[in-house]
Amino acid sequence: MKKLSLNFWGLLPAYLVMSLLMVLPLLIIFYVSFMSSDPYGGYKAVFSLDSYTQILYSYDWDENLVLNLQYLKIIARTLLLSAATAIICLLISFPVAYYISRQSHTMKTLLLYLVTLPFWVSMVVRVYAWVLILSNDGVLENGLRFFGLIGDIDSLLYNNGAMMVGMVYTYIPLMILPIYASIEKLDSRLIEAASDLYSSRMNTLRRIILPLCKPGIVAGFVLVFVPSLGTVLEPMLLGGGKTMMLGNLIQNQFGVARNWSFGASLTVLLLCIVLIFLMFQARRTNLNKEFS
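Here the structure is a predicted model, which means the values were calculated and not measured.

A. The confidence of the model for the chain, seen in detail. On average, residues of the chain score 86 in pLDDT, and 93% of them are at 70 or above. Considering each helix and strand of the chain separately, the mean pLDDT is smallest for helix α6 (residues 139-146), with a value of 76, and largest for helix α3 (residues 70-101), with 94.

In structure tokens form, the structure reads like this:
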């Protein structure tokens, strides 16, 4: 009983911080999502499901509900770009993490420092740097034109590809670090044994390295995919506001549109997507442990 009391009082500050900074704001968002929108901005304390209905339907001139797929397209675009970003980060990060793990202690420290170095710079500055690189007559376009690889083309900015480049650049360290941690724990004797048994490099990678590094791969995928769902800067700066994602849509509802109820309902929807994804990953992990 005494031990329980000490644990409770010792963790009480953490409980208070989590309640005030995490639980309470989520409860407020959940509450606002079920309120009516105020025509003058904000919300009215009147229960309504209109904000959730607005995700799928809109009103025509006769005040009849008609199917509206524009928000579903934004949600689908967000999911596809986030998944593509996580996959590209994985394909780039695994060989990079493996290479770092095979270096000397001093070189490992230096390379890990270089991987984390972008975190020392504001994300706004990092994303805006890609605007200068991809803009008309920018570094990339001039370089490609100099080598004769392209002719007169439209701007490389303001499209899905530009946004994906910015997202990959922003979140790739979050993929490299957990994969590197998993590879560091890998017993090198297993790779040597596979080599002694005349296993090919591809077979060793598929049968030994990837299965043992799976926890780091899954952790990296989650760390990249989840933040990508709510990204705001890349669509604003690299997409030019022409290609909207879910994070921008939520920001606009709380800002310019002042439709707080609809913005709150979109936030709840985003939270549900994240929770479903995390529960799916946890379920797969538990099943793998049961069968292993």
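B. Quick peek at the packing of aromatic side chains. Summed over all chains, the structure comprises eleven aromatic pairs. Consider the rings of Trp-130 and Tyr-169, whose centres lie 5.8 Å apart with planes at 65°: the pair is edge-to-face. With Trp-130 in helix α5 (residues 123-134) and Tyr-169 in helix α7 (residues 160-184), the pair connects residues that are 39 residues apart, well separated along the chain. Relative to Phe-277, the ring of Phe-225 has its centre 4.6 Å away and its plane inclined at 45°; by these criteria the two rings are tilted. With Phe-225 in helix α10 (residues 214-229) and Phe-277 in helix α13 (residues 260-291), the pair connects residues that are 52 residues apart, well separated along the chain.

C. Representation of the nonpolar core in the model. The biggest cluster of nonpolar side chains holds 49 residues, and the ones touching the most others in it are Phe-94, Ile-100, Ile-179, Leu-238, Leu-246 and Leu-266. When residues of this core are traced back to their parent elements, those giving at least two are α3, α4 (105-116), α5, α7, α10, α12 (246-254) and α13. By residue number, the principal contributor to this core is α7, which donates twelve residues. Composition of this core by domain shows at least three residues from each of domain 1 (25-68 + 259-292) and domain 2 (75-258).

D. Up close: the packing of helix α8 (residues 188-196) against helix α9 (residues 201-212). Where α8 meets α9, the closest approach of the two axes is 11 Å, and the angle between their N-to-C directions is 170°. Of the possible angle classes, the one that applies to α8 and α9 is roughly antiparallel. On α9, the residues touching Leu-190, Ile-191 and Ala-194 of α8 are Thr-204, Ile-208, Ile-209 and Leu-212. Grouping the amino acids of the contact of α8 with α9 by side-chain chemistry returns six nonpolar, one polar and no charged.

Rules used throughout
- In this convention, every chain numbers its residues from 1, walking through the sequence in written order.
- In keeping with the model being predicted, local features are shown solely for residues with a pLDDT of at least 70 and side-chain atom pairs are shown and tallied solely at 80 or more, while totals for entire chains, interfaces and linings include all residues.
- Note that water and hydrogens are dropped before the side-chain values are worked out from all heavy atoms of the structure.
- Confidence of the predictor at the level of single residues is given by pLDDT, which spans 0 to 100.
- Helix and strand definitions follow DSSP, with helices as H or I runs of at least four residues and strands as E runs of at least two, each counted in order from the N terminus.
- Two aromatic rings from Phe, Tyr or Trp, using only the six-membered ring of Trp, form a pair when their centres are within 6.5 Å; if the ring planes differ by under 30 degrees the pair is stacked, by over 60 it is edge-to-face, and anything between is tilted.
- Here, the term nonpolar core denotes a set of buried Ala, Val, Leu, Ile, Met, Phe, Trp, Tyr and Cys residues that are joined through side-chain atoms within 4.5 Å.
- Three exposure classes are used, based on accessible area relative to the maximum for each residue type with a 1.4 Å probe and protein chains only: buried under 20%, partly exposed in between, and exposed over 50%.
- Domain delimitation in this document rests on an assignment produced automatically or drawn from a domain database.
- For every element, the axis is a line fit to its C-alpha atoms; helices are fit only across the contacting stretch, and the angle between N-to-C directions ranges from 0 to 180 degrees.
- Any angle from 65 to 115 degrees is called roughly perpendicular, while one under 35 is roughly parallel, one over 145 is roughly antiparallel, and all others are oblique.
- Throughout, a contact is declared for two residues whenever any of their heavy atoms are within 4.5 Å.
- Residue polarity follows a fixed list, in which Ala, Val, Leu, Ile, Met, Phe, Trp, Tyr, Cys and Pro are nonpolar, Asp, Glu, Lys and Arg are charged, and the others, Gly among them, are polar.

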